[in-house]
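As a plain string of letters, each chain reads:
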Amino acid sequence: MNHLSLSEICCLFCCPPCPGKIASKLAFLPPEPTYSLMSDDSGSRWTLHLSERADWQYSTREKDAIECFMTRTTRGNRIACMFVRCSPSARYTLLFSHGNAVDLGQMSSFYIGLGSRINCNVFSYDYSGYGASSGKPSEKNLYADVDAAWQALRSRIDKISKVTSPVLVIHGTEDEVIDFSHGLALYERCQRPVEPLWVEGAGHNDVELYGQYLERLKQFVAHELVNL
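Quick caveat, the model's predicted, so the values are computed rather than measured. (Residues numbered from 1 in each chain as written. Predicted model: local features only at pLDDT ≥ 70, side-chain atom pairs only at ≥ 80, totals over all residues. Heavy atoms only, no water.)

Caption draft 1: Spotlight on the nonpolar core. Ranked by size, the top nonpolar core spans 45 residues in total, and within it L37, M82, V84, Y111 and F123 carry the most contacts. Here this core spans two domains, since at least three of its residues come from each of domain 1 (14–158) and domain 2 (163–227). (Core = buried A, V, L, I, M, F, W, Y, C linked by side-chain atoms within 4.5 Å. Buried < 20%, exposed > 50% of the residue type's maximum accessible area, 1.4 Å probe, protein only. Domains from an automatic or database assignment.)

See the structure below:
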């Protein structure tokens, strides 16, 4: 968990105390980038370079299965996108929005492990001001970021626009960052929700460590998505 120093707390509430800026500083905690993207001469192919802090846990073969590129948001920022081909037989792709204090480099090993276990590809992106993405993190930029990521994913999977998928909501009951009530609200507003998973005792950063997390995802992918 990240802790704010006294000087950082002072900066939050001074000069002047603008609610929007205060919310952004509390909600977004971008780390020092743990990766870089290098483009070829045409600017169409990007090479992923991970630093030691990315804590990459796999071989070069798995790394070669990761495709990275940049896309532009409606607010003018360029955001880094990552498409992880986890399985040659995968029928589905997860659009994964990562946490507020990590970037794509740190998440890359997790995506490989998650996708291979539930037989799905994984598509993710860095918010404005994170990793190789330009701009600054803010609520308005966040909405533009996820919209740009979704549009980029759709343009790469030509049948996705014809599919209306059910939604699985997973939330820890002891989440200390995003209150459990948010998960309930999301579930209640979904047009096609499946049975949610409320992980008893799980917090914000450890929900994936509970056995039922992976088992519920496997069931969702293997049965509930198949029987559309």
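Having put the structure on the table, let's press on.
Caption draft 2: Spotlight on the pairing of strand β6 (residues 121–125). Among the five residues that make up β6, five are buried, leaving the element largely enclosed by the rest of the structure. The alternating pattern of β6 places N121, F123 and Y125 and V122 and S124 on opposite faces, both of which are buried. Where strand β4 (residues 78–84) and β6 come together, four bridges link them in antiparallel fashion. By the bridge assignment, C81 is partnered in β6 with Y125. (Helix = DSSP H or I, 4+ residues; strand = E, 2+ residues; numbered from the N terminus. Pairing = 2+ DSSP bridges.)

Caption draft 3: Region of the structure containing the pattern of salt bridges. On inspection of all chains with the given rule, the structure shows four salt bridges. Between E62 and R61 there is a salt bridge, and its shortest N-O distance comes to 3.1 Å. Accessibility expressed as a relative area gives 16% for E62, which makes it buried. By relative accessible area, which is 63% here, R61 ends up exposed. Note that K218 is salt-bridged to E215, the shortest N-O span being 4.0 Å. Taken as a pair, K218 and E215 lie in helix α7 (residues 211–224) at a separation of three residues, close to a single helical turn. For K218, a relative accessible area of 34% corresponds to the partly exposed category. (Salt bridge = Lys/Arg side-chain N within 4 Å of Asp/Glu carboxyl O.)

Caption draft 4: Structural context of the packing of aromatic side chains. This model, assessed by the stated rule, comprises 10 aromatic pairs. The interplanar angle of 85° and the centroid separation of 5.4 Å between the aromatic rings of Y127 and Y130 together place this pair among those described as edge-to-face. Across the pair, exposure class does not vary: Y127 and Y130 are buried alike. Taken together, a centroid distance of 5.1 Å and an interplanar angle of 85° make the contact between F180 and W198 edge-to-face. Of the two residues, F180 sits in helix α6 (residues 180–189) while W198 sits in strand β8 (residues 197–199), which places them 18 residues apart along the sequence. Grouping aromatic residues by their ring pairs yields a cluster made of F69, F83 and F123. (Phe/Tyr/Trp six-rings, centres within 6.5 Å; stacked < 30°, edge-to-face > 60°.)

Caption draft 5: Main features of the environment of Y143. Mapped onto the elements of the fold, Y143 is located in helix α5 (residues 139–156). Taking the C-alpha atoms as reference points, Y143 and T73, separated by 70 residues in sequence, lie 9.4 Å from one another. There is a polar contact of 2.5 Å between the side chain of Y143 and the side chain of E139. (Polar contact = N/O pair within 3.5 Å; in protein donor to acceptor, adjacent residues only side chain to side chain.)

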